[in-house]
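# Report on the structure
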Amino acid sequence: MTLKRVACCVCLILALESAQVEGQFVQLTGWGGGKPEEIVPQAAEIGFNEIIVWNQSPDYLAQLVEVGRKHNIGIYSSIFLSDVKGWMKRRGGIAPPLQEMDARENAALERIQADTSKGKSNYQYGGEPVQSIEVLTYPMLCFHVPAVLEFFKEQIRDVLAVPGLKGIAFDFFGYRNYQCCRCKESQAAFEEWRKQHPDLEPGKALEQFSLETLVNFTNTLADYAHSVRREARVACHVYPVFLPEPLYGNRLNVDYCGQTAAWYFDPLWSREKIRDYSRVIFGQEKKHFPKAEGVALVGVYTRPKLYPVKSPERLTLELQAILDGGGDRVQVCSLNDVLNDKDTREVFKRFFKRPRP
Ligand SMILES: [Zn+2]
């Protein structure tokens, strides 16, 4: 009797400890970059399984794949809708088709650019806005222009030619004003779309058109990547925020759909919000596509001169809230901010390092 009680207490203590710390994470993906022989072993030591880089150089990717293979880390190359430089490289003399905004949004852009205070008065850099109007400061290509789709197909085809690359990732797929594009081509496409949806009132129609075309653009490129190489994986981070439906990621036919669960800046998200978002990210991951896996994105900057750094306690709270919301996969941006800070590394090791002590 006594022995049995002791055994039960031990089991209970172990069960409680495991529930509070270990959880059920199966995947950790880092957005970042750097010298392969430096970043890959460090990332493996913490428990990362995958690295995504915003780099399409075949030589660099080949090196990264080779080092990654030794440490069991899969490598992705990311394409991104703000890649005006990449457009100029491939399209030379053709002006990049850029998204456009209205006068109010352009005034917000000027206000944000002129704000040199630390933290830019709580500007959220593409995350859910805190100021009354926020927009992205980067120019963005307009994906309603067919040439933009073709441009990204070329990039995907070239990147997937690198042997051993695990896949392709999509970043910055969204609208500069977080809702729609106001350029001539987008307006014409919208007017055409409205003929098929005459009963919708104009505001609702623009929301639905903007969501549908954004989802179609992503899914068309994901299908294309799978057609180039069937076993290639497609990952993404839903960013910048799409205000009419921030958690639209389950509509995307990608393998690993990252959606923001804990953003970077003040005001940091509450434990309840992180848990509730995780419940949607993971609980509804297969609502539209049975193979899709949800991934929670956690923002990490460890550069105190620029922004407040999340403490180990804070990061623990965020990762635990994701587990409490049913999460099993995490993306962190940036990988390098995790690698560069000892306290941050230790927190991630505790949640992700395999085998665990
Ligand atoms: Zn446009």
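A quick note: this is a predicted structure, and the numbers were derived from the prediction, not measured. Sequence positions are assigned chain by chain, starting from 1 and proceeding in written order. Per-residue local features of the predicted model are confined to residues with pLDDT of at least 70, and side-chain atom pairs are confined, for both listing and counting, to 80 or more; whole-chain, interface and lining totals are unaffected and use all residues.

### Let's talk about the overall build of the chain
Rule in force here: Helix and strand definitions here come from DSSP, where helices need a minimum of 4 consecutive H or I residues and strands a minimum of 2 consecutive E residues; each element is numbered from the N-terminal end. Our radius of gyration is a C-alpha quantity, and the globule rule it is checked against amounts to 2.2 Å times the number of residues to the power 0.38. Counting other C-beta atoms within 10 Å of a residue's own tells you its class, since 20 or more makes it buried, 12 or fewer makes it exposed, and anything in between is partly exposed; those C-beta atoms are placed from the backbone. With C-beta atoms placed from the backbone, a contact is any residue pair whose C-beta atoms sit within 7 Å.
The helix and strand tally for the chain stands at 12 helices and 8 strands. Relative to the compact-globule value of 21 Å for 357 residues, the chain shows a C-alpha radius of gyration of 21 Å, a close match. The proportion of buried residues among the 357 residues of the chain is 40%. A sequence separation of at least 24 residues applies to 75% of the contacts in the chain between residues at least 6 apart.

### A short note on the nonpolar core
Cut-off, in case you're wondering: Remark: nonpolar core denotes a set of buried Ala, Val, Leu, Ile, Met, Phe, Trp, Tyr and Cys residues whose joining runs through C-beta atoms within 7 Å.
Among the nonpolar cores identified, the biggest contains 89 residues, and Ala43, Cys236, Val254 and Ala261 are the most heavily contacted of them. Examining the composition of this core, we find that 6 residues originate from one element, helix H8 (residues 202-228), more than from any other. With residues near it in sequence (within four places) discarded, Cys236 still touches Ala169, Phe170, Phe173, Thr218, Leu252, Val254, Cys257 and Gly258.

### Thoughts on the pairing of strand E5 (residues 233-237)
Condition: Think of it this way: DSSP has to see at least two bridges between two strands before they count as a pair.
Of all 5 residues that make up E5, 5 are buried, and the element is covered over most of its length. Because side chains alternate across E5, one face comprises the buried residues Arg233, Ala235 and His237, and the other comprises Val234 and Cys236, equally buried. In this structure, strand E4 (residues 167-171) lies alongside E5, joined through 4 bridges in parallel fashion. Bridge assignment links Ile168 to a residue of E5, and that residue is Val234. In the sheet, E5 pairs with strand E6 (residues 256-262) via 3 bridges, with the strands oriented parallel. When the bridges of E6 are listed, Ala235 appears paired with Tyr256.

### With respect to the environment of Leu315
Turning to its location among the elements, Leu315 is positioned in helix H10 (residues 312-324). Judged by the 23 C-beta atoms lying within 10 Å of it, Leu315 falls in the buried class. Separated by 29 residues in the primary sequence, Leu315 and Thr344 place their C-alpha atoms 7.8 Å from one another.

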